[in-house]
Amino acid sequence: MDKKLPKVFANEINHDINNNEKYYKSNESKKDLEVFKIDESNQSINEKINKLFLDSIHKYIIKAKIITVDDVIETKIVGRNRNSILTLDKKVIPIKDIVDIESI
């Protein structure tokens, strides 16, 4: 490594940078914000689901026992979105219907 490499040109910044303030645009309204509020009753269920994904050895497929309002389901969870859990056997289980969830 006896060769000298060329210097890299770095332009000097001598002014304030506030691109986020200039170019930020949002179309949220009060109606949109109400839709995304988390119910306090589902908070413990959401915490349990988050804990399943964080504590699980296998991040992609999680064996779980889900107790819903209607029945008890032993399945493999593949993923989740804001409102539901997705299973390996192509079922979509709404989080609002879940009473309890635990890892098997």
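In what follows, the accompanying structure is described.

Here is what the cut-offs are and how they apply
- Residues numbered from 1 in each chain as written.
- Predicted model: local features only at pLDDT ≥ 70, side-chain atom pairs only at ≥ 80, totals over all residues.
- Heavy atoms only, no water.
- Helix = DSSP H or I, 4+ residues; strand = E, 2+ residues; numbered from the N terminus.
- Buried < 20%, exposed > 50% of the residue type's maximum accessible area, 1.4 Å probe, protein only.
- Contact = heavy atoms within 4.5 Å.
- Areas by Shrake-Rupley, 256 points an atom, 1.4 Å probe, with all protein chains shown as cover.
- Core = buried A, V, L, I, M, F, W, Y, C linked by side-chain atoms within 4.5 Å.
- Pairing = 2+ DSSP bridges.

### Let's talk about the overall build of the chain
At step 1: Broken down by element type, the chain carries three helices and five strands.
At step 2: The N-to-C order of helical and strand elements in the chain reads α-α-α-β-β-β-β-β.
At step 3: Per-residue burial over the chain gives 22% buried out of 104 residues.
At step 4: Taking as baseline every contact in the chain between residues at least 6 positions apart, the subset at least 24 positions apart corresponds to 47%.
At step 5: Total accessible area on the chain is roughly 9600 Å²; 52% of this is exposed by carbon and sulfur atoms.

### Quick look at unusual backbone geometry
At step 1: Residue K90 is not a glycine yet carries a positive backbone phi of 60°.
At step 2: Relative to the elements of secondary structure, K90 occurs in the loop between β3 (84-87) and β4 (92-94).
At step 3: Its relative accessible area of 78% is what places K90 among the exposed residues.

### Quick word on the nonpolar core
At step 1: I49, I66, I77, I85, I98 and I101 are the most contacted members of the largest nonpolar core, which totals 14 residues.
At step 2: Going through the elements one at a time, α3 (43-55), β1 (62-68), β2 (72-80) and β5 (98-103) are the ones with two or more residues in this core.

### Thoughts on the pairing of β2
At step 1: Relative to β2, β1 runs antiparallel, the two being bridged by six bridges. Within β2, the residue paired with K65 across the bridge is E74.
At step 2: In this antiparallel pair of consecutive strands, β1 and β2, the connection spans three residues.
At step 3: Taken together, the three bridges between β2 and β3 define a ladder with antiparallel strand orientation. Paired with I77 across the strands is T87, a residue of β3.
At step 4: Counting the residues that bridge the hairpin from β2 to β3 gives three residues.

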